[in-house]
Amino acid sequence: MNLEEVGKLYTPEKMMETITTREYKEKYVDFEVTMKACRECPNYSKNWACPEFYEDVLENWDRYEHLDLYLTKINFTREALSASYDMDDIEFIINNTLFLERNKLISQLEEEEKARNGKCLSAGFCTVCDECSRITGQPCRYPDKCHNSIESLGGLVSDTLKGVFGEEIKWIDMENGKLPVNLSLLMGLLY
Ligand code: SF4
């Protein structure tokens, strides 16, 4: 599989909703729930964008008034849905659909972050460096490029998709190598 082939497997669909941080915190933030999942992740304490945090990250929900939520749906084609993929193909597809769209949006949100004196919220762990400097106990090399995910600050992604966008989160069937109808990417801007 190559980049050209992956590019033909999906169409991105973008949506945006604005919510006050007060409402978001009340309805969709549960740090204990997300921390439980984070502790089970191989990146826990190995990436500067991820927990364990040394500061009170929940303060972010009180520091800003508004949250723009950006949902990107990676809609797979009929051809993609009818195929079965091995683990290498699935990793290649995730990197060049979900992470590709994430990285494009990060560039846009970094501009907005500067313009509105806000905070960009990404998805997943930070992938700017091949190996995060946290692994060797060194400070972050590019703090301006390191963005927490919504989930790492306690945001419940599945509940947000349902409550704000009326969407259901879907998962890859790893056992059978099957893609879901769509994958979802939730990012945001606090300002
Ligand atoms: S910019 Fe590099 S060092 Fe900093 S969090 Fe990201 S991967 Fe780690």
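Nothing here was measured: the structure is a model prediction, and the numbers come from that model. (Residues numbered from 1 in each chain as written. Predicted model: local features only at pLDDT ≥ 70, side-chain atom pairs only at ≥ 80, totals over all residues.)

A. Focus on the overall build of the protein. Counting its regular elements, the protein contains eight helices and four strands. Tracing the protein from N to C terminus, the helices and strands come up as α-β-α-α-α-β-α-α-α-β-α-β. Taking 16 Å as the expected radius of gyration for a compact globule of 191 residues, we find that the protein reaches 17 Å, a close match to that expectation. Across its three principal directions, the C-alpha atoms of the protein cover 45 × 40 × 35 Å. Looking at the 191 residues of the protein, the share that counts as buried comes to 29%. Restricting to contacts in the protein with at least 6 residues of sequence separation, those with at least 24 account for 79%. (Helix = DSSP H or I, 4+ residues; strand = E, 2+ residues; numbered from the N terminus. Rg over C-alpha atoms; globule rule 2.2 N^0.38 Å. Buried ≥ 20, exposed ≤ 12 C-beta atoms within 10 Å, placed from the backbone. Contact = placed C-beta atoms within 7 Å.)

B. Looking closely at the site of the ligand. Taken together, the neighbourhood of the ligand is formed by 14 residues, with Trp48, Cys126, Cys129, Cys132 and Cys140 sitting nearest. Taken together, the residues of the shell around the ligand sort by class into nine nonpolar, two polar and three charged. (Near = placed C-beta within 6 Å. Nonpolar A, V, L, I, M, F, W, Y, C, P; charged D, E, K, R; others polar.)

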